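# Per-entry structural report
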Amino acid sequence: MSEDELVEIAVEVDGEAAEAVVELFNRYNGGDWIEDSVAGEASGGGAVVETTGYDDFGGPAASELSMTVKTYLKPGPRGRGIQRQIEEGLWHLRLLYPMPEPVARTVKEEDWAHAWKEHYKPLRIGRRVLLTPAWEEPEALPGDVVVRLEPGMAFGTGLHPTTRLCVAALEKWVRPGDAFLDIGTGSGVLAIAAAKLGAARAWATDIDPLAIRVAKENALLNKITLERDGLFIEQGSVPEGLAGGFQVIAANILAEVLIGLFECAYDNVPLDEPLAPGGHMILSGILEEKAELVLAAAANHGLTEIERRQEGDWVALVVRSEDAD
Ligand code: SAH
């Protein structure tokens, strides 16, 4: 194999497995040398995703979303070592998600740069939100809300159904002037989208310091700032001392964690404490069979279900607090 060749590893997956495969590729194959090969256009990204078969306007169902996730390795012992780690990782993932064996082939280095640009496409969610990889210039329509993201560095690139469900709900429930709280912000996608949808203030927290770093980078990429847009990002969970301060709260975490946050299992203030009277909370990351448990925990805090969104097995619930009077 010559110096200008790379090994491409490709796996065909549906929407739910894609995020896990992207994470795996980035874990073993993220980093600087990939940045070199695309002239700094996509820092730290080790995975390329091609999406097919989704309906641009209706939003895809996870099971209908077929994707090929690819990563590219340099020749030599280091590349072969990474390839072995990736293949082992995929073997483990196949126990959780049905997916075919990975396909490895040799490609010219220029093909990789080309593939990266060609196939990671903007994704339209709801009527006017476009999630787009950082370097794309999407064909936005007037009134579109464009959210730029570095792919694969923290959870929340739009590849996971739970993120898409939240973005669609935000489009409906965030009103201009609202204060918005995003608990478990990951890539920052929801807070950035809310700011662009007209929220006057957005507050984003995550317990993971890496997520905080990535969310700040993505905010910068979208030119969303504290001074102008009121976006505040800090490490943590449910913020204290802000009771009743937010018209809309989103928490896209797992059902078990959401229930724990309602029940103060993490030594936290209750999940709904920051919610304003008559405010809306978007609860996501919930497998269908756990929806009733989450609703019961929410009901203990006077919250009632007003909307349910579903993609594959994943459910997002919109619950509302009682009005002040
Ligand atoms: N909001 C993004 C990311 C969701 S992934 C999206 O919608 O795509 C869930 C995130 O919640 C992770 O980044 C994880 O670090 C964070 N998280 C997990 N438990 C948490 C807790 N108790 N409080 C705050 N964040 C938490």
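Below you will find a few notes about this structure. Since we're looking at a predicted model, the values are computed, not measured. (Residues numbered from 1 in each chain as written. Predicted model: local features only at pLDDT ≥ 70, side-chain atom pairs only at ≥ 80, totals over all residues. Heavy atoms only, no water.)

### Here we look at helix 10 (residues 291-299)
- Regarding helix 10, the residues found buried are Ala 291, Val 294, Leu 295, Ala 297 and Ala 298. For helix 10, the arc enclosing every buried residue in end-on projection is 160°, short of the 170-degree limit, so these residues lie on one face. More than 90 degrees from the buried face of helix 10, the exposed residues found are Glu 292 and Leu 293.
- As for helix 10, its buried residues are in contact with helix 9 (255-262), strand 12 (275-287), strand 13 (304-311) and strand 14 (314-320). (Buried < 20%, exposed > 50% of the residue type's maximum accessible area, 1.4 Å probe, protein only. Helix = DSSP H or I, 4+ residues; strand = E, 2+ residues; numbered from the N terminus. Arc of directions from axis to C-beta. Contact = heavy atoms within 4.5 Å.)

### Description of the sheet that holds strand 7 (residues 145-149)
- The strand order 5-6-7 describes an open sheet built from three strands, whose pairing is mixed. A single partner strand is all that each edge strand has here, and the edge strands are strand 5 (123-125) and strand 7. Looking at each pair of strands side by side, their axes are set apart by 25° on average, direction ignored.
- Direction of pairing for strand 5 relative to strand 6 (residues 129-133): antiparallel, over a ladder of three bridges. (Pairing = 2+ DSSP bridges. Axes fitted to C-alpha atoms, helices over the stretch in contact; angles between N-to-C directions.)

### A few points about the packing of helix 1 (residues 15-29) against helix 3 (residues 77-96)
- Where helix 1 contacts helix 3, the two axes come as close as 10 Å, and the packing angle between them is 155°. Of the possible angle classes, the one that applies to helix 1 and helix 3 is roughly antiparallel. Every pair of crossing elements has a handedness; the one defined by helix 1 and helix 3 is right-handed. On helix 3, the residues that touch Ala 20, Val 21, Leu 24, Phe 25, Tyr 28 and Asn 29 of helix 1 are Ile 82, Gln 85, Ile 86, Gly 89, Leu 90 and Leu 93.
- When the residues that make up the contact of helix 1 with helix 3 are grouped by side-chain class, the tally is nine nonpolar, three polar and no charged. (Parallel < 35°, antiparallel > 145°, perpendicular 65-115°, else oblique. Left-handed = near helix turned anticlockwise from the far one by under 90°. Nonpolar A, V, L, I, M, F, W, Y, C, P; charged D, E, K, R; others polar.)

### Section: the packing of helix 9 against helix 10
- Running from amino to carboxyl end, helix 9 crosses helix 10 at an angle of 15°, the nearest separation of the two axes being 9 Å. Between helix 9 and helix 10, the angle is such that the two are roughly parallel. Seen along the crossing, helix 9 lies across helix 10 with a hand that is left-handed. Along the contact surface, helix 9 presents Ala 255, Leu 258, Ile 259 and Phe 262, while helix 10 presents Leu 293, Val 294, Ala 297 and Ala 298.
- A class-by-class count of the residues in the contact of helix 9 with helix 10 yields eight nonpolar, no polar and no charged.

### Re the site of the ligand
- Around the ligand, the structure places 18 residues, and the nearest of them are Thr 163, Gly 184, Asp 206, Ser 237 and Asn 252.
- Asp 206 is positioned such that a nitrogen or oxygen atom in its side chain is 2.6 Å from an oxygen atom of the ligand.
- In this structure, an oxygen atom belonging to the ligand sits 2.8 Å away from a side-chain N or O atom of Asn 252.
- Protein coverage of the free-state accessible area of the ligand, which is 570 Å², stands at 86%.
- Of all the secondary-structure elements, those providing two or more residues to the shell around the ligand are helix 6 (189-196) and helix 9.
- For the shell around the ligand, the class distribution of residues is eight nonpolar, eight polar and two charged. (Near = heavy atom within 4 Å. Polar contact = N/O pair within 3.5 Å; in protein donor to acceptor, adjacent residues only side chain to side chain. Areas by Shrake-Rupley, 256 points an atom, 1.4 Å probe, with all protein chains shown as cover.)

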